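Residue-level structure breakdown
Spelled out, the chains give:
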Amino acid sequence: MEGLRDILLASDNIVFFGGAGVSTESGIPDFRGEQGIFRTKSRYGYLPEEIISHSFFMKNPEVFYDFYKSTMINQEARPNKAHLKLAKLEEAGRLKGVITQNIDGLHQMAGSKAVYELHGTIHKNYCMNCGKFFGLATIVMSKGVPRCDVCGGIIKPDVVLYEEGLDSQTVESSIQAIAAAEVLIVGGTSLNVYPAAGFLQYYKGKRLILINQSKTPYDKRADLLIREPIGEVLGRI
Ligand code: ZN
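Values in this document were obtained by computation on a predicted structure and should not be read as measured data.

1. Things to note about the sheet that holds strand E5 (residues 133-134)
With respect to topology, 3 strands assemble into an open sheet ordered E5-E4-E6, the strand pairing being antiparallel. Edge positions in the open sheet fall to E5 and strand E6 (155-159), since each of these has one partner strand only. Against the sheet, helix H5 (residues 61-72) touches strand E4 (120-127) and E6, its axis set at about 45° to E6.

Shown next, in the form of structure tokens:
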């Protein structure tokens, strides 16, 4: 912990790269963990990874939204100590950006400004027909499939589904931030999900900090390795 504190205090160019573990401490289930969403089976008999795919959304938006609204939207979730500490580090001019694989918007809720959401966000939704923007409330309050109030088109969450590519601008900005970072903190991810995990190869700095409860393929490359929950660790700094 002292080593972590020293490293953070000495840098004004920190970048954070976070995974599902950052949100689990806010009560949001991850996908692949022991309590993960992928362990559940939908009441329709489809596998979760099948439901949240692009082709399934196009074919069967009713089932998609039934699953999506009940499983992937957690309105009562609030930022935890990890989100709050990262927002403070940014405010203090030490942290340059947060790159996240989470779609819950908790970093912004905590006050973070430079947030790169690799997998999109539940807070942005667009009409597939006319492109009109809708916030989360429209999705939550809709019955069944949410539709555009202007043209009647189906609204689609700006969340990267299976079979869909990541947003190239977000990927580029994330890689630029990592490549320019002096200190890179990787937290709450087992680094098994590609292409996001491949981003680490762009890091050229000398202070790679890994904070995760379980082993990752990058453990040996870390300058500092902490196998504890990310919120607890950052909360103690
Ligand atoms: Zn529309």
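Back to the write-up after that little detour.
2. Focus: the coordination of the zinc ion
Summarising the metal site, the zinc ion is bound by the protein donors Cys 127 (SG), Cys 130 (SG), Cys 148 (SG) and Cys 151 (SG), whose distances to it range over 2.3 to 2.4 Å. Classification of the site at the zinc ion rests on its 4 donor atoms, whose angles at the metal span 95 to 119°, yielding the label tetrahedral. As a motif over one chain, the donors of the zinc ion read C-x2-C-x17-C-x2-C. The buried category is assigned to Cys 127, whose relative accessible area is 4%.

3. Concerning the sheet that holds strand E9 (residues 224-226)
Strand order in the open sheet made by the 6 strands is E3-E2-E1-E7-E8-E9, with parallel pairing throughout. Edge positions in the sheet fall to strand E3 (115-117) and E9, since each of these pairs with one other strand and no more. Taking each pair of neighbouring strands and ignoring which way they run, the sheet shows an average axis angle of 15°. One ladder, built from 5 bridges, connects strand E1 (residues 14-18) with strand E2 (residues 95-100); its direction is parallel. For Val 15, the partnering residue across the bridge sits in E2 and is Gly 97. Of the strands in this sheet, E1, E2, E3 and strand E7 (183-187) are in contact with helix H9 (residues 168-180), which crosses E3 at around 130°.

4. Points about the environment of Ala 114
Within the element layout of this structure, Ala 114 appears in the loop between helix H7 (106-110) and E3. The spatial distance from the C-alpha of Ala 114 to the C-alpha of Leu 95 is 9.1 Å, given a sequence separation of 19 residues. For Ala 114, the residues in contact, after removing those within four places along its chain, are Glu 90, Lys 96, Gly 97 and Val 98.

Here is what the cut-offs are and how they apply
Residues numbered from 1 in each chain as written. Predicted model: local features only at pLDDT ≥ 70, side-chain atom pairs only at ≥ 80, totals over all residues. Heavy atoms only, no water. Pairing = 2+ DSSP bridges. Helix = DSSP H or I, 4+ residues; strand = E, 2+ residues; numbered from the N terminus. Contact = heavy atoms within 4.5 Å. Axes fitted to C-alpha atoms, helices over the stretch in contact; angles between N-to-C directions. Donors = N, O, S within 2.8 Å, 3.2 Å for Na, K, Ca; no water. Tetrahedral: all angles 85-135°; square planar, octahedral: opposite > 155°, others 65-115°. Buried < 20%, exposed > 50% of the residue type's maximum accessible area, 1.4 Å probe, protein only.

Function-wise, these values are silent; they only describe arrangement.
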